[in-house]
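Architecture at a glance
Residue strings, one per chain:
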Amino acid sequence: KPHGHGDVHKLVYECGKLNQWKAEGRKWVVFLQDTNGLGLISLPAMLGVSKQLNLDVNSATIPRKAKQEVGAIAQLTHTDGRQMTVNVEYNQLEPLLKATIDPAGDSADPNTGDSPFPGNINQLVFKLDTYAAALEATRGVMPEFVNPKYADSSRTIFSKPTRLECMMQDF
């Protein structure tokens, strides 16, 4: 993934798949990581829930330990009260939580031992009309970010070259 798995959206847009899928009468688009074959087991339920609740986006999650290096699903609230449920990358979650809701950051629930923010496994269901409108507006280009990989907690030495990335769930 030299630039991140968000490049899949540009490919879908440029290959004309949106129009093809609409012409075929499709209503939903499914993305999943090729490393998570077991995700197929829950896919029919995800599609059913997406249809029943008329969701624009549905994301499968897993229990996640506090501070685990897995993206987390979180509900964010703007100062004006608007809310959105999104993936927050693991390297952004801790500083976000410390700056907003809890100085301790991502802490385990005392009853379950898990983080209150479940892990994102990148098994996604998008409503085709909503997805198509977003890709038409962006031409399939996803927001980019720099994701440095540090060698240790001093954050002064890189373990790998830093690169620009984009994420599949940021459509």
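It should be emphasised that the depicted structure is a prediction, and the values quoted were computed from it without experimental measurement. (Residues numbered from 1 in each chain as written. Predicted model: local features only at pLDDT ≥ 70, side-chain atom pairs only at ≥ 80, totals over all residues. Heavy atoms only, no water.)

1. With respect to the environment of alanine 137
By the secondary structure assignment, alanine 137 is in helix 5 (residues 128-138). With relative accessibility at 66%, the residue alanine 137 sits in the exposed group. (Helix = DSSP H or I, 4+ residues; strand = E, 2+ residues; numbered from the N terminus. Buried < 20%, exposed > 50% of the residue type's maximum accessible area, 1.4 Å probe, protein only.)

2. Remarks on unusual backbone geometry
The phi angle at asparagine 54 is positive, at roughly 55 degrees, despite the residue not being glycine. Within the secondary structure, asparagine 54 sits in the loop between helix 3 (39-52) and strand 2 (57-62).

3. Details of the packing of helix 1 (residues 7-14) against helix 5
Running from N to C, helix 1 and helix 5 point in directions that differ by 90 degrees, and their axes come no closer than 10 Å. In this view, helix 1 runs roughly perpendicular relative to helix 5, as classed from their interaxial angle. Residues His9, Val12 and Tyr13 of helix 1 lie in contact with helix 5, whose contacting residues are Tyr131, Leu135 and Glu136. Per-class residue counts for the contact of helix 1 with helix 5 are 4 nonpolar, 1 polar and 1 charged. (Axes fitted to C-alpha atoms, helices over the stretch in contact; angles between N-to-C directions. Parallel < 35°, antiparallel > 145°, perpendicular 65-115°, else oblique. Contact = heavy atoms within 4.5 Å. Nonpolar A, V, L, I, M, F, W, Y, C, P; charged D, E, K, R; others polar.)

4. Side note on the environment of glutamate 14
Residue placement: glutamate 14 occurs in helix 1. Separated by 87 residues in the primary sequence, glutamate 14 and isoleucine 101 place their C-alpha atoms 41 Å from one another. Within the local environment of glutamate 14, its side chain forms a polar contact with the side chain of lysine 10, the two groups lying 2.8 Å apart. (Polar contact = N/O pair within 3.5 Å; in protein donor to acceptor, adjacent residues only side chain to side chain.)

5. Some details on the pattern of salt bridges
When charged atoms on two side chains of opposite charge get close, those side chains can pair. Tallied over the full model, the rule gives 8 salt bridges. A salt bridge links lysine 10 to glutamate 14; its shortest N-O distance comes to 2.8 Å. Here lysine 10 pairs with glutamate 14, and both are found in helix 1, just 4 residues apart, close to one helical turn. Take glutamate 14: its relative accessible area is 52%, and that puts it in the exposed class. Across the salt bridge formed by glutamate 94 and lysine 98, the nearest N and O atoms sit 3.8 Å from each other. Taken together, the positions of glutamate 94 and lysine 98, both in helix 4 (residues 90-100) and 4 residues apart, correspond to about one turn of that helix. Judged by relative accessible area, lysine 98 falls into the partly exposed class, the value being 46%. (Salt bridge = Lys/Arg side-chain N within 4 Å of Asp/Glu carboxyl O.)

6. A short note on the side chain of asparagine 87
Among the structural elements, asparagine 87 can be located in strand 4 (residues 83-88). A polar atom in the side chain of asparagine 87 sits 2.9 Å from the side chain of glutamate 89. Side-chain polar atoms of asparagine 87 contact the side chain of asparagine 120, separated by 3.1 Å.

7. So, helix 5
All of the buried residues in helix 5 are Leu128, Tyr131, Ala132, Ala134 and Leu135. Buried residues of helix 5 fall within an arc of 165 degrees about the axis and therefore sit on the same side. Relative to its buried face, helix 5 has exposed residues pointing more than 90 degrees away, namely Asp129 and Ala137. In this structure, the buried side of helix 5 is in contact with helix 1, helix 2 (17-23), strand 1 (28-31) and strand 5 (119-127). Immediately downstream of helix 5, the backbone of arginine 139 shows phi near 60 degrees, a positive value. (Arc of directions from axis to C-beta.)

Just distances and angles here, no functional claims.
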